[in-house]
Amino acid sequence: MTNAHALPLALIQLEVPPPQVIAQIGEQPAWFIDALALEPDEYLIIRPHLGDALPDFQQISGAILSGSWSMVTDHAEWSERTAAWVRAAIEHALPLLGVCYGHQLMAYALGGKVGDNPNGWERGLTELQRTPQGESDPLTAALPARFSAWLSHRQTVISPPPQAKVLATSQQDGCQILRYTPQAFSVQFHPEFTRRIMSVCLPQDVADSGAELQGADWARRLLESFLQQARPQAGHAQGA
């Protein structure tokens, strides 16, 4: 049920998918809206690549930074402007979740290094492993030691920001989940993805490789946990 006193969640869309993807499954915000069953008054969509101003911290409960077909290392104006906003949002203790490109952009904004993944293009359904730090983090403590998630990325966080904690890794990527502050974390995988989305975004043979998710969709649970974290702060901020 919608909380009438809650502030909306900002869905920060970072560029657009290829036309053939949009034609079949829409753009990135739609995937998060569906995954979290958000009502129209529970979110707002920000498109920096179209010149949208990044939201005022007092007007939102938190923000999700989406994936993208762009590269952080291109240093596009909209990307750099969003990186500056991320740094300010961290200072403001705003709940933040970066996903794929958003993950890399947050790491870059906070002092990490992003570049082409030396282990190649990581894609499809992939097994992730929780780290020792992840065992005690409130976000990941309930995760099994190994769980699966959907991925597709050519660039990666080569080295995380000095203050960041690595909570999960994969065989091809050492920074699958990063914790920056109690309010901010990011994931290299796509917790909003379904097999349908993955099959549209990747060549069919790749999307079909790797069986169905085994057991619970732990990646989706992380996404839901972020929403639960943001919403109580939203109600508090509105009443302040």
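Source: prediction; values computed, not measured.

**Some details on helix H4 (residues 101-109)**
Alright, step 1. With eight of its nine residues buried, H4 lies for the most part within the structure.
Alright, step 2. Within the span of H4, buried status applies to Tyr101, Gly102, His103, Gln104, Leu105, Met106, Ala107 and Ala109.

**Let's talk about helix H2 (residues 28-36)**
Alright, step 1. With respect to burial, H2 is a largely interior element, seven of its nine residues being buried.
Alright, step 2. Every buried residue of H2 is listed here: Gln28, Pro29, Trp31, Phe32, Ile33, Ala35 and Leu36.
Alright, step 3. At the exit of H2 stands alanine 37, carrying a positive phi of roughly 50°.

**Some remarks on the environment of phenylalanine 185**
Alright, step 1. Residue position: phenylalanine 185 is located in strand E11 (residues 184-187).
Alright, step 2. Assessed through its relative accessible area of 1%, phenylalanine 185 is described here as buried.
Alright, step 3. As a C-alpha pair, phenylalanine 185 and methionine 106 span 79 residues in sequence and 8.6 Å in three-dimensional space.
Alright, step 4. Contacts of phenylalanine 185, omitting those with residues within four sequence positions, involve Leu96, Leu97, Gly98, Met106, Leu139, Leu178, Arg179, Tyr180, Leu222, Phe226 and Gln229.

Cut-offs and rules
- Residues numbered from 1 in each chain as written.
- Predicted model: local features only at pLDDT ≥ 70, side-chain atom pairs only at ≥ 80, totals over all residues.
- Heavy atoms only, no water.
- Buried < 20%, exposed > 50% of the residue type's maximum accessible area, 1.4 Å probe, protein only.
- Helix = DSSP H or I, 4+ residues; strand = E, 2+ residues; numbered from the N terminus.
- Contact = heavy atoms within 4.5 Å.

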